[in-house]
Amino acid sequence: MISQTRYKDRPALCVRGARLTATFLPEDGGKLASLRSESYEYLQQRAGEQYRRLYPDSDYVGAECSGFDDMFPTIDPYTPQDGPFCGVTYPDHGEVCRYSAQWRIKENTLQFLFDSKRFPIRFSKTISVGEKGGIAVEYDIKNKGNAAFPCLWAGHLMLNASPDARIVTPFSPEAPIRTMFGKQLSRDRTLPQRPDGESYKFYYTNPLPEGFCGYRYADGKTLVLRFPKETVKYLGIWINNGSFEEMYNVALEPCTAPYDRPDAAEQSNCACEIAPNSSLHFCLTLDLE
């Protein structure tokens, strides 16, 4: 079931699955702002009744910075120094989350469409209820140009953290990691909440052996993301235990390339690019298991 509603002071669209209700913001890049069961909000929320809008040239972390944004074509800002896109800046936390998306409802699906303002890229995602009742998000990112487009897609999924919850991944505890910032303290759980807590992020350096990650709560339920490991190959984890905006969240960041920038991924032989007149296509499903 798909319906129009409001999220704070912004137009919104709801997709109701068997166990979760997902609320998307068409004027904010098709952002997934809320993901609820009957009794719990799984996504990190900002306080206040007014949504802090993100504009083309504004600061990402100074805006709403919550929920689940699509990071494309980068996370950290990046300006190529050579090649066909030389001098064109990939904006901080990507371009998609900074603009309105076209949208339509058709045959029990909700489609968002965004044409890049800087690159020959058309970004599309189509939301539906999957066969097992989960929220399915199908991505199609098309390169309309005549040159390969270096990029990354990452899910910026900011989950409400709980001291009793556990991060679930297909990696072993000994799997190698690369720390991006902060002092890495724990791979499988958050720390007790406190205002001076650590904030840190790391990537597993190996490709995902299976296409999933999740967050298991004390009641035994796990919010699980499933995706094709052949396309969404890597996983980053960001844990914020109070040092950022006094929020407590775990961010699961499945991605097509690691290390926050296309050039950093290329330097580690983990690059992602979309060939000319071709598409990057994959489906992400969110559900409680």
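The rules behind the values
- The residue numbers shown here count from 1 along each chain, following its written sequence.
- In keeping with the predicted nature of the model, local features appear solely for residues at pLDDT of at least 70, side-chain atom pairs appear and are counted solely at 80 or more, and the whole-chain, interface and lining totals rest on all residues.
- Values shown for side chains rest on all heavy atoms present in the structure; no hydrogens or waters enter the calculation.
- Only DSSP runs of H or I with at least four residues qualify as helices, and only runs of E with at least two residues qualify as strands; both kinds are numbered from the N terminus onward.
- As defined in this context, the radius of gyration uses C-alpha atoms, and a globule is described by 2.2 Å times the residue total to the power 0.38.
- Note on exposure labels: buried denotes an accessible area under 20% of the residue type's maximum, exposed denotes more than 50%, and partly exposed covers the range between, all computed with a 1.4 Å probe on protein chains only.
- It only takes one pair of heavy atoms within 4.5 Å for two residues to be counted as in contact.
- To qualify as a nonpolar core, a set must consist of buried Ala, Val, Leu, Ile, Met, Phe, Trp, Tyr and Cys residues joined through side-chain atoms within 4.5 Å.
- Under this definition, polar contacts are N or O atom pairs within 3.5 Å; protein pairs additionally need one hydrogen-donor-capable and one acceptor-capable atom, and for neighbouring residues in sequence, both atoms have to be side-chain atoms.
- Each Phe, Tyr or Trp ring, with Trp reduced to its six-membered ring, pairs with another whose centre is within 6.5 Å; inter-plane angles below 30 degrees give stacked pairs, above 60 give edge-to-face pairs, and intermediate values give tilted ones.
- Either the NZ atom of lysine or the CZ atom of arginine qualifies as a charge over a ring when it sits within 6 Å of the ring centre and within 35 degrees of the ring normal.
- Any carboxyl oxygen of Asp or Glu within 4 Å of a side-chain nitrogen of Lys or Arg constitutes a salt bridge here.
- Criterion used throughout: strands pair if DSSP finds at least two bridges between them.
- Simply put, an axis is a line fit to the C-alpha atoms, just over the touching stretch for a helix, and the angle between two N-to-C directions goes from 0 to 180 degrees.

Undergrad: Mind showing me how you'd approach the overall build of the protein chain here?
TA: In terms of helices and strands, the protein chain carries one helix and 20 strands. For the protein chain, whose C-alpha radius of gyration is 18 Å, the value lies close to the compact-globule estimate of 19 Å for 289 residues. Its C-alpha atoms give the protein chain principal-axis dimensions of roughly 50 × 45 × 35 Å. Here the protein chain holds 289 residues, and 55% of them are scored as buried. Excluding contacts between residues fewer than 6 apart, the proportion of contacts in the protein chain whose partners are at least 24 apart in sequence is 61%.

Undergrad: Is there a simple way to think about the nonpolar core in this case?
TA: The nonpolar side chains of a soluble globular protein tend to be buried, and buried together. Grouped together as the largest cluster of nonpolar side chains are 84 residues, with contacts concentrated most on F72, W153 and L252. What L252 contacts, discounting residues up to four positions off in sequence, is G155, L157, L159, I167, C213, G214, Y215, L225, G236 and I237. Judged by nonpolar contacts, the second largest core, of five residues, contains A12, L25, A33 and Y51.

Undergrad: How should I be thinking about the side chain of E64 in this particular structure?
TA: Considering the arrangement of structural elements, one finds E64 in the loop between β4 (31-36) and β5 (68-71). A polar contact of 2.7 Å, which involves the side chain of E64, links it to the side chain of K8.

Undergrad: Which parts of the structure should I look at to understand the packing of aromatic side chains?
TA: The geometry of two aromatic rings is summed up by the distance between their centres and the angle between their planes. Within this structure, the stated rule accounts for 22 aromatic pairs. Seen in terms of ring centroids, F85 and F149 are 5.1 Å apart; in terms of plane orientation they differ by 80°. Their pairing is edge-to-face. With a gap of 64 residues between them, F85 in the loop between β5 and β6 (102-106) and F149 in strand β10 (residues 149-150) connect regions that are remote in the sequence. Note on F149: relative accessible area 0%, which makes it buried. An aromatic cluster of three or more residues is present, and its members are F72, Y78, F85, Y90, F119, F123, Y139, F149, W153 and F282. The ring of Y259 has R178 lying over it, and the distance from NZ or CZ to the ring centre is 4.0 Å.

Undergrad: Would you explain the pattern of salt bridges in this entry?
TA: When charged atoms on two side chains of opposite charge get close, those side chains can pair. Counting across every chain of the model gives 15 salt bridges. Its salt-bridge partner being D28, residue R10 comes within 3.1 Å of it at the nearest N-O pair. One end of the pair, R10, is in strand β2 (residues 10-16); the other, D28, is in the loop between β3 (21-25) and β4, and 18 residues separate them in sequence. R10 sits in the buried class, given a relative accessible area of 8%.

Undergrad: Explain the pairing of strand β8 (residues 121-129) to me, please; I cannot follow it from the model alone.
TA: As a general feature of sheets, a regular strand has side chains that alternate between the two faces. Relative to β8, strand β7 (residues 109-115) is paired through six bridges, and the arrangement is antiparallel. Along β8, the bridge assignment pairs F112 with K125. In textbook terms, the turn of a hairpin is the stretch between consecutive antiparallel strands, and for β7 and β8 this stretch comprises five residues. Summarising the sheet, β8 and strand β9 (residues 135-143) pair through nine bridges and their orientation is antiparallel. Looking at β9, one finds that I127 is bridged to V137.

Undergrad: Which parts of the structure should I look at to understand the sheet that holds strand β12 (residues 166-168)?
TA: Sheets are built from strands paired through backbone hydrogen bonds, the pairs being either parallel or antiparallel. Strand order across the open sheet formed by eight strands is β6-β7-β8-β9-β20-β16-β15-β12, with antiparallel pairing between neighbours. Whereas interior strands pair on both sides, the edge strands pair on one side only; in this sheet they are β6 and β12. Between one strand axis and the next, the sheet turns by 15° as a mean value, whatever way the strands run. Sheet analysis places β12 next to strand β15 (residues 212-216), joined by three bridges and oriented antiparallel. Bridge pairing in β15 links V168 to G214.

Undergrad: Explain unusual backbone geometry here, please?
TA: When glycine is set aside, most residues are seen to have a negative phi, and most peptide bonds are trans. With an omega of 10°, the peptide bond running from F72 to P73 counts as cis. Non-glycine residue C65 carries a positive phi angle of around 45°. With respect to the helices, strands and loops of the structure, C65 is situated in the loop between β4 and β5.

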